[in-house]
Amino acid sequence: MPHDDLTADDVLDLIDAHLPAATQARKRSDVELGFVLYDAFAVQGAFDDYGRGSWGFSIALGGDVSVSRVLGRKLTLCGTREEVTAALATIDDYVRLRLGSDYLAAYARAYEL
């Protein structure tokens, strides 16, 4: 599998393209970023060099608790654009399930989506 050299800016571009409900997206450094999804969940992204270099994501659940594996899928070791996009889709699926249809409908009305 080929490896992409993804910068924090590249990952932020993927977030913008694939997660329209992501707000407050910002690069904290060349290897860290964060965003808020549906005004409800904070997501962190970090680049780690595990030999091939990859991005990983975690969803904050409150306090010092976060998860980097949801719905049976890991959100780490994403070295290509496709892997990052798949992780973002998993994050979106997870958050949407946690928020429920009433909240998502209210969110859509508030932001005219």
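Let us look at the structure shown here.

Parameters and conventions
- Counting restarts for each chain: residues are numbered from 1 in the order of the written sequence.
- Under the rules for a predicted model, residues below a pLDDT of 70 receive no local features and side-chain atom pairs below 80 are neither given nor counted, while totals for whole chains, interfaces and linings still include all residues.
- As a rule here, side-chain values cover all heavy atoms of the structure and leave hydrogens and water aside.
- Under the DSSP-based scheme used, a helix requires at least four consecutive residues in state H or I and a strand at least two consecutive residues in state E, with every element numbered from the N terminus.
- Residue contacts follow a heavy-atom distance rule, with two residues in contact if any of their heavy atoms lie within 4.5 Å.
- Two aromatic rings, drawn from Phe, Tyr or Trp (for Trp, its six-membered ring), form a pair once their centres lie within 6.5 Å of each other, and the interplanar angle then sorts them: stacked below 30 degrees, edge-to-face above 60, tilted otherwise.
- Relative accessible area decides the class of each residue, using a 1.4 Å probe on protein chains only: under 20% of the type maximum gives buried, over 50% gives exposed, and in between gives partly exposed.
- The span expected for a helix works out to 1.5 Å for each residue beyond the first.
- Here the bend at a residue means the angle between the axes of two seven-residue stretches, the one that ends at it and the one that starts at it.
- Two strands qualify as a pair provided that DSSP identifies no fewer than 2 bridges between them.

The next subject is the environment of A46. For A46, the location among the structural elements is in strand β3 (residues 41-48). On a C-alpha basis, the gap between A46 and G34 in space is 8.6 Å, while along the polypeptide they are twelve residues apart. Residues contacting A46, with those up to four places away along its chain left out, are V31, E32, S54, W55 and G56.

It is worth spelling out the environment of T23 at this point. Tracing the backbone shows T23 in strand β1 (residues 22-29). When neighbours within four sequence positions are excluded, T23 is seen to be in contact with F35, V36, D39 and Y107.

This part takes up the packing of aromatic side chains. Per the stated rule, a full pass over the model turns up four aromatic pairs. Judged by centre distance (5.8 Å) and plane angle (65°), the rings of F47 and W55 are edge-to-face. For W55, a relative accessible area of 1% translates into the label buried. Their ring planes at 40° and their centres at 4.6 Å tell us that Y107 and Y111 sit as a pair that is tilted. You can call Y107 buried: its relative accessible area is 7%. Given a relative accessible area of 42%, Y111 falls into the partly exposed group. A network of ring pairs unites the aromatic residues Y38, Y107 and Y111 as a single cluster.

Helix length check: helix α2 (residues 81-110) (30 residues) gives 31 Å between terminal C-alpha atoms against 44 Å at 1.5 Å per residue, more than 12% under. The largest bend in α2 comes to about 100°, at G100. Just beyond α2, the residue with positive phi is E112, at close to 55°.

Right, let's talk about the pairing of β3 for a bit. Bridge count between strand β2 (residues 32-37) and β3: six bridges; the pairing is antiparallel. Within the sheet, the bridge partner assigned to G34 lies in β3 and is Q44. The antiparallel hairpin formed by β2 and β3 contains three residues in its connecting segment, where Y38 sits at a positive phi of about 55°. Bridge count between β3 and strand β4 (residues 54-62): six bridges; the pairing is antiparallel. Each bridged residue has a counterpart across the sheet, and for V43 the counterpart in β4 is I59.

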